[in-house]
Amino acid sequence: MDPVELFHQVAATVPAYRAFLAEHRINPAKIRTFQDFVRLPMTTKDGYIRRHPLADLCRDGVIGDMIAVSSGSTGVPSFWPRSASDERVIAARFEEVFRDSFAARERRTLAVVCFALGTWVGGLFTVNCCRHLAERGYPITVVAPGTDRREIARVLPELAPHFDQVVLLGYPPFLKNIIDTEDLPWPSWNLKLVTAGEVFSEEWRTLVADRAGMEDPVRGIASLYGTADAGVLGNETALSVEIRRFLSSRPRTARELFGESRLPTLVQYDPGVRFFEEHQGTLLFSGDNGIPLIRYHIADEGGVLPYDRMLDFVRRHGFEPSAAGPERPFGYVFGRSHFTVSYYGANVYPENIAVGLEQPAVSGSVTGKFVMEVVEDARRDRQLTITVELMPGEKPSDETAQAVGESIQAQLLRLNSEFAAYVPPAQQIPFIRLREAGDPEYFPPGAKHRYTR
């Protein structure tokens, strides 16, 4: 993608962006070079999207043929027009996963969409992208039970035996919970997963692959990086997963590469349709969508790495990937910074806690869902408190709480150098509260889970 060319197209056809440029006293004719482009002011949801009528944000002031809704972090809905041309571009990311990791060109595939349906951004968009693959000749059949667990459990036994493989598409904790709690013959269905929306650990990938009977976690589970604002921006490949698994056991090497020892989602993206930039440790992108966006700041912490630099880095550290991958740049995403808690000056990330719950000593007792918060007691002493959901049928016990606390502490000390350096040893063991599955206060069924309070 030529970002300067895209800029001129958007400046000429999108009323809101013309007004935005006028407000900043920018003459589009003077934006001629890449250096000019990267000096343009950033657009944001509050500073651009919410300040203009929906139609004015679209090309020629015309709203696209479909609307999706996202609630955002504030709960105020945002509306995102889409068109069939947007879906075709994004279907290429699904195609890469289904073709290269799942061999779906040669296998009859049942795609089971477990994202929320209705107006919400994920479900119907995923359905449409999977149907685009069927239109391209892939032997894919789509069924969309959404987040209705009973419907998922009802349709799978009826349909799965007719196919060579089953692909579940949904949020990581929801898919894991389905696999953990539904007594279904997962290994016999050659199960695969496509996830989105959350960073997960390589321990999570290994654990879920094992429970689902997958032979190859690298090619059995693929994560998509997407936003409500612009759909899917990048996808895991076998190459990016192999690199991530190498780095997962080497936090110092990961810190050297990413600037932090915690592990981000690592994807590859197509620079022909999305242009990424880094800004102070966060991501900007430009792309042609239902709402065309120029230097849009999505507030995700992360960065970009050229293909050659990434391969050179891992080879210098003794790793030669076996998976062939597309020679395209890598993007890495930690997620939003407001999902952390600060404890004795150390940022504690949900990813750190998740790895502790995925260790063999405790993973059989817990679902992987948790809520972390820093609680003050009557003496105003602060305590890192983790509320953990137990597996169905499990009851709280002191022994389980102690094992969970020790496992989380061990992973915090291994993965989070700030935690090890800043938090006094006596305060490093988190206080663990165990709740039964589906606890209405912390883990209400059907709600999108939040890991911090």
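S.K.: Account for the overall build of the protein chain, naming residues and giving values.
M.R.: Helices and strands together make up the secondary structure of the protein chain, namely 15 helices and 18 strands. What you see for the protein chain is a C-alpha radius of gyration of 22 Å, in line with the 22 Å of a compact globule of 453 residues. Evaluated residue by residue, the protein chain yields a buried proportion of 55% over its 453 residues. Restricting to contacts in the protein chain with at least 6 residues of sequence separation, those with at least 24 account for 70%. For the protein chain, the exposed area adds up to about 19,400 Å²; of that, 50% sits on carbon and sulfur atoms. In the protein chain, 50 positive and 58 negative side-chain charges are present, and the distance between their average locations comes to 4 Å.

S.K.: Can you tell me about the pattern of salt bridges, naming the residues and giving the values?
M.R.: For the coordinates displayed, the defined rule picks out 25 salt bridges. The residue Glu 277 makes a salt bridge to Arg 295 at a minimum N-O spacing of 3.0 Å. With a gap of 18 residues between them, Glu 277 in strand 10 (residues 275–279) and Arg 295 in strand 12 (residues 293–305) connect regions that are remote in the sequence. A residue is classified by how much of its surface remains accessible, and Arg 295, at 9% relative accessible area, is buried. Between Asp 439 and Arg 435 there is a salt bridge, with the nearest N and O atoms lying 3.3 Å from each other. Overall, Asp 439 belongs to the buried group, its relative accessible area being 15%. One connected set of salt bridges, linked through shared partners, spans Glu 202, Arg 205, Glu 236, Arg 244 and Arg 245.

S.K.: Tell me about the nonpolar core, and name the residues and values.
M.R.: The biggest cluster of nonpolar side chains holds 38 residues, and the ones touching the most others in it are Phe 7, Tyr 17, Leu 40 and Tyr 48. Counting only elements with at least two residues in this core, the list comes to helix 1 (3–13), helix 2 (15–23), strand 10, strand 11 (282–287) and strand 12. Apart from residues lying up to four places away in sequence, Tyr 48 is in contact with Val 14, Ala 16, Tyr 17, Phe 20, Thr 43, Leu 57 and Leu 293. Counting residues in each nonpolar core, the second largest holds 26 residues, with Val 143, Val 166, Leu 168 and Ile 178 among its members.

S.K.: For unusual backbone geometry, give the residues involved together with the corresponding values.
M.R.: Even without a glycine there, the phi angle at Arg 25 is positive, about 55°. Summarising the element assignment, Arg 25 is placed in the loop between helix 2 and helix 3 (34–37). In this structure, Arg 295 takes a positive phi of about 50° despite not being glycine.

S.K.: If you had to explain the packing of aromatic side chains to someone new, which residues and values would you point to?
M.R.: The geometry of an aromatic ring pair is captured by the separation of the ring centres together with the interplanar angle, meaning the angle of the planes. Throughout the structure, instances matching the rule amount to 21 aromatic pairs. Considering the side-chain rings of Phe 370 and Tyr 451, the 4.8 Å spacing of their centres and the 50° angle between planes classify their relative orientation as tilted. Remark: Tyr 451 occurs in the segment after strand 18 (431–435) and Phe 370 occurs in strand 16 (residues 366–376); sequence separation between them is 81 residues. Like Phe 370, the residue Tyr 451 is buried in the burial classification. Aromatic rings pair up to connect Phe 7, Tyr 17, Phe 20 and Tyr 48 into one cluster. Note that Arg 82 overlies the ring of Phe 125, its terminal NZ or CZ placed 4.9 Å from the centroid. Above the face of the Phe 200 ring, Arg 244 is positioned so that its terminal group lies 5.7 Å from the ring centre.

S.K.: Describe empty space enclosed by the protein, with residues and values.
M.R.: According to the stated counting rule, one finds 3 cavities of 30 Å³ or more in the structure shown. Estimates place the volume of the largest cavity at around 150 Å³. Those elements that provide at least two residues to the lining of the largest cavity are helix 8 (202–212), helix 10 (238–248), helix 13 (350–357) and helix 14 (398–415). By residue class, the composition of the lining of the largest cavity is 7 nonpolar, 4 polar and 6 charged.

S.K.: An account of the side chain of Glu 277 is needed here, citing residue identities and associated values.
M.R.: Under the relative-accessibility criterion, Glu 277 is labelled buried at 9%. Within polar-contact distance, the side chain of Glu 277 engages the side chain of Arg 295 at 3.0 Å.

S.K.: Outline the environment of Ser 101, supporting the account with residue identities and numerical values.
M.R.: Within the secondary structure layout, Ser 101 lies in helix 4 (residues 84–101). A relative accessible area of 10% places Ser 101 in the buried class. For the pair Ser 101 and Arg 219, spaced 118 residues apart in sequence, the C-alpha separation works out to 4.7 Å. Contact partners of Ser 101, with chain neighbours within four places excluded, come to Glu 96, Arg 219 and Ala 238.

S.K.: Tell me about the side chain of Arg 328, and please be specific about residues and values.
M.R.: Relative to the elements of secondary structure, Arg 328 occurs in the loop between helix 12 (307–316) and strand 13 (330–335). Residue class for Arg 328 comes out buried when judged on its relative accessible area of 14%. At 3.1 Å, the side chain of Arg 328 forms a polar contact with the backbone oxygen of Tyr 269. When sequence neighbours within four positions are dropped, the list of residues in contact with Arg 328 reads Arg 93, Glu 96, Asn 235, Gln 268, Tyr 269, Asp 270, Pro 271 and Tyr 307.

S.K.: Talk me through the sheet that holds strand 17 (residues 382–390); I want residue IDs and the actual numbers.
M.R.: Across the sheet, which stays open at both edges, the 3 strands sit in the order 16-17-18 with mixed pairing between neighbours. Looking along the sheet, the strands with just one partner apiece sit at the ends: strand 16 and strand 18. In this sheet, adjacent strand axes meet at a mean angle of 25° when their direction is disregarded. Bridge analysis of strand 17 against strand 18 gives 5 bridges, and the strand direction is parallel.

Definitions and cut-offs
- Residues numbered from 1 in each chain as written.
- Predicted model: local features only at pLDDT ≥ 70, side-chain atom pairs only at ≥ 80, totals over all residues.
- Heavy atoms only, no water.
- Helix = DSSP H or I, 4+ residues; strand = E, 2+ residues; numbered from the N terminus.
- Rg over C-alpha atoms; globule rule 2.2 N^0.38 Å.
- Buried < 20%, exposed > 50% of the residue type's maximum accessible area, 1.4 Å probe, protein only.
- Contact = heavy atoms within 4.5 Å.
- Areas by Shrake-Rupley, 256 points an atom, 1.4 Å probe, with all protein chains shown as cover.
- Lys, Arg positive; Asp, Glu negative; His and termini not counted.
- Charge placed at Lys NZ, Arg CZ, Asp CG, Glu CD.
- Salt bridge = Lys/Arg side-chain N within 4 Å of Asp/Glu carboxyl O.
- Core = buried A, V, L, I, M, F, W, Y, C linked by side-chain atoms within 4.5 Å.
- Phe/Tyr/Trp six-rings, centres within 6.5 Å; stacked < 30°, edge-to-face > 60°.
- Lys NZ or Arg CZ within 6 Å of the ring centre and 35° of its normal.
- 1 Å grid on protein atoms, 1.4 Å probe; cavity = no way out; pocket = protein on both sides within 12 Å on 5 of 7 lines; lining within 4 Å.
- Points joined across faces, edges and corners; volume = space filled by probe spheres on them.
- Nonpolar A, V, L, I, M, F, W, Y, C, P; charged D, E, K, R; others polar.
- Polar contact = N/O pair within 3.5 Å; in protein donor to acceptor, adjacent residues only side chain to side chain.
- Pairing = 2+ DSSP bridges.
- Axes fitted to C-alpha atoms, helices over the stretch in contact; angles between N-to-C directions.

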